[in-house]
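Tertiary structure, described
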Amino acid sequence: MSEPYSSPSSDVMIQFDRVVKKFGDHVVLRELDFSVKPGEFVTLIGPSGSGKTTILRLLMTLELVDGGTIQVGGEYLSHMERGGSLVPADERHLRTQRKRIGMVFQQFNLFPNMRVLQNVTEAPVRALGLSKAEAEQRARELLDMVGLSDKVDAHPTQLSGGQQQRVAIARALAMRPQVLLLDEVTSALDPELVAGVLSVLKEIARTTDITFLCVTHEMQFARDVSDRVMMFDQGQVIEDAPPDQLFTQPAHERTRSFLHAVIDRAV
Amino acid sequence: MDWDWEYAIDSLPLLAEGMLVTIELTVLGALFAYLLGLVFAMIRRVGVPVLSQFVYLFVEFIRSTPLLIQVFAFYYLLQPAIGVKLSPFLTGVIMLGVHYATYTSEVYRAGIEAIPKGQWEAARALSIPRSRVWTGIILPQAVPRVLPALGNYTISMFKETPLLLAIGVVDVLNSAKEAGAETFRVIEPYTLAGVFFLLVSYPASILVRKLERRVGTV
Amino acid sequence: MSDNLGRIISTLLEGVPVTIQATLGGIALTIVLALIAGLALLSKSRTVRFFSRVYVEGFRGTSEMVQLFWLYFVLPALVGLQIVPLFAGVLVLGLNHGAYGAEIVRGAVQSVPKAQHEGAVALNLGPVDRMRRVILPQAVVEMLPPFNNLFIQLLKSTALLYFISAQEITQKGEELRPALPMGDLTVIYAVELIIYLLLAIAITIVMRALERAGARRLGRKPPPRRKVFSSATAGGV
Ligand SMILES: Nc1ncnc2c1ncn2[C@@H]1O[C@H](COP(=O)(O)OP(=O)(O)OP(=O)(O)O)[C@@H](O)[C@H]1O
Ligand SMILES: [Mg+2]
């Protein structure tokens, strides 16, 4: 018999409890445990195909767990309580849980049928019920913050990749999420555009109390902003430490060779 | 009026005979369309001066106007004008063939265009004679890929044959009409005519979809 | 050519409004049914998918002519209600082409990248908003070229209304035919075919304009200007 799953508590923002995720026979996450405290900036690193994106997608409810539970802010995300026991979440439950979570994608995923401003106002109006005026004001502030106040009427395709990604960040922030998931948000960008996006993210991390879970290959950025870095391999967290420690004195051989490979590539 | 099984079963042989005519029309019309469409496509591809432009306009004109009127025009106007009198059946075959040739020619065109330029260049580099390039290299590659589209048009043609009852072809729908006129019962024959069409075209379209998955489409 | 020229043309033109009404009515019904059935083909519910499959395969599998005869001659016998020919025509044109359109809608919705759907989920848009605000506006642009073909097929099908005496162009012409000498038949058929050709060109011009507007809306380069004729995709209808 396994122990009961840990009960929700409020001093953790994200809690993975023995989470299992499979694609067919392929087990990507095997009883994964980890937690993130409110306001923390946690970076996930690990080899390609190890399941980093899968973790973020589970949190965004784009995938459903095959075992274990996920809690966000002390409430079950993957499940709901029915008559004293946990059952898999239905769409309604997922919708209420999603409110607190935002995600920025590698490929931006802006809506091409809307101009920049509407990309940012659409969800606050439709999903949060803000008035159009409120949503626009909020959107303009955010677009100003990401340095795009002159692009509000532009079409997403008229923007550079870096600008599109900054719109996507503004769009996610417009929903006032408690948790923001970042999946290799600079990987699709030309090298000269990366810095602009990263500095925007740094600024947001510094000035808000949003909890970040970030997957990135930008090691310098990870080192600068993270409170913690988790090295992830074969469905498990194999090392979890503050960035200075993990990058300078990795405890595991796997971490060491991974960092070597990444840093060699970067040079 | 209720469904009368006895009458329905009685009218089956007549309808089946009509169905046979429908299928004959489709098969002959389709064969004609496959051939004539190929001729159109080659004329346009080779770029025979004047003729090529003429074929282009002809194809677009026929495609954009109703088959029914084309049938009337051919039957009541063109045939007397050139002094021939074809049977309604033969008229039907020819007009189905001509009308659908304008579609099949587009299918062939797309099929030929889908063949990589390198194939033509390689053939030229090897100094293969032009006729042999077509029969030996281009068509064997193009034909399998156009089969699903040809199949789809054949099914469309099949379902369009009933309009030939306007000039007196006794196909399945016309048989149903006659049965109905005799007995004043229309539910059974017309419904059965629909069932006949479904029985042929639904399996046929499943076959075409299978073929599509196998050879891809153009 | 003949003294009858004026009479022939004016008689044929009398049929034009009915042809246009049947075409526009048929197109409107086609759009509505294609959207409903096309989205139903993508439904999560098996039952919904099943019924919409039955509709689509049923109407694609039986001949349009049979459908017209059924609706016009059988239905009145069944329910004792004679339908106005034009109305019967619009119904059949819409039901038949709506079944083809459903597959167009389904394909276009599926062609919108999955990432767009996920982007909308991540912003907590509900299923209806996701479809209405994000997926459909993009899918519609994909639908326009195949719908152009479909509408021209529908226009051509209006000639079948001849069989139920709806007083459209084809019937007007056939009513004239018996009383006229051979030479005048040329005029009848030439005028008829030219009217249909012009209507087909009108449909294409409108659809091309929509295509360009749609491309602009999605921030794509507008499709190159093509000759109004210039055919359409090879795949069957
Ligand atoms: N929808 C899916 N169906 C099947 N397999 C999948 C699916 N999504 C992910 N996988 C598999 O799960 C594993 C983990 O994928 P994931 O995308 O989470 O890796 P990752 O750590 O983000 O890799 P990368 O650094 O390349 O982005 C991979 O082996 C991948 O092939
Ligand atoms: Mg990934």
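Residues numbered from 1 in each chain as written. Chains lettered and ligands numbered in written order. Predicted model: local features only at pLDDT ≥ 70, side-chain atom pairs only at ≥ 80, totals over all residues. Heavy atoms only, no water.

All right, on to the nonpolar core then. Soluble globular proteins tend to bury their nonpolar side chains together. In terms of nonpolar packing, the biggest core is built from 111 residues, with B:Leu163, C:Phe147 and C:Phe163 touching the most fellow members. Within the second largest apolar cluster, 37 residues are counted, among which are A:Phe108, A:Leu173, A:Ala174 and A:Val225. (Core = buried A, V, L, I, M, F, W, Y, C linked by side-chain atoms within 4.5 Å. Buried < 20%, exposed > 50% of the residue type's maximum accessible area, 1.4 Å probe, protein only.)

This part covers the sheet that holds strand β8 (residues 101-104) of chain A. All names here are of chain A. Spatially, β8-β9-β10-β3-β11-β12 is the arrangement adopted by the six strands of the open sheet, whose pairing is mixed. Pairing within the sheet leaves two strands with one partner each, and these edge strands are β8 and β12 (236-241). In this sheet, adjacent strand axes meet at a mean angle of 20° when their direction is disregarded. Strand direction decides the pairing type here: strand β3 (residues 41-45) and strand β10 (residues 211-215), joined by four bridges, are parallel. If you follow Phe41 over to β10, its bridge partner there is Phe212. Relative to the sheet, helix α5 (residues 161-173) contacts β8 and β9 (179-183), its axis offset from that of β8 by approximately 175°. (Pairing = 2+ DSSP bridges. Helix = DSSP H or I, 4+ residues; strand = E, 2+ residues; numbered from the N terminus. Axes fitted to C-alpha atoms, helices over the stretch in contact; angles between N-to-C directions. Contact = heavy atoms within 4.5 Å.)

How big an interface is tends to be stated in terms of the accessible area lost upon association of its parts. Facing the 43 residues of chain C at the interface are 46 residues of chain B. Between chain C and chain B the total buried area reaches about 3900 Å² when both faces are included, carbon and sulfur atoms providing 70% of it. For C:Glu57, the salt bridge goes to B:Arg209, with nearest N and O atoms at 3.3 Å. At the surface where chain C touches chain B, the tally comes to eleven residue pairs in polar contact (both at pLDDT 80 or more). Those elements that place two or more of their residues in the side of chain C that touches chain B are α2 (46-61), α3 (64-79), α6 (127-157), α7 (169-176) and α8 (182-217) of chain C. Take the side of chain C that touches chain B: its biggest share by element is nine residues, from α8(C). (Buried area = accessible area lost by both parts, 1.4 Å probe. Salt bridge = Lys/Arg side-chain N within 4 Å of Asp/Glu carboxyl O. Polar contact = N/O pair within 3.5 Å; in protein donor to acceptor, adjacent residues only side chain to side chain.)

What follows deals with the pattern of salt bridges. Tallying each qualifying case throughout the model produces 31 salt bridges over all chains. Notably, a salt bridge pairs A:Glu203 with A:Arg206, separated by 2.9 Å at the nearest N-O pair. One end of the pair, A:Glu203, and the other, A:Arg206, are both in helix α6 (residues 191-207), three residues apart, so they sit about a helical turn from each other. Residue classification places A:Glu203 among the partly exposed positions, given a relative accessible area of 35%. Taking relative accessible area as the criterion, A:Arg206 reaches 61% and is therefore assigned exposed. Overlapping salt bridges bring together A:Lys21, A:Arg57, A:Glu63, A:Asp66, C:Lys114 and C:Glu118 as one network.

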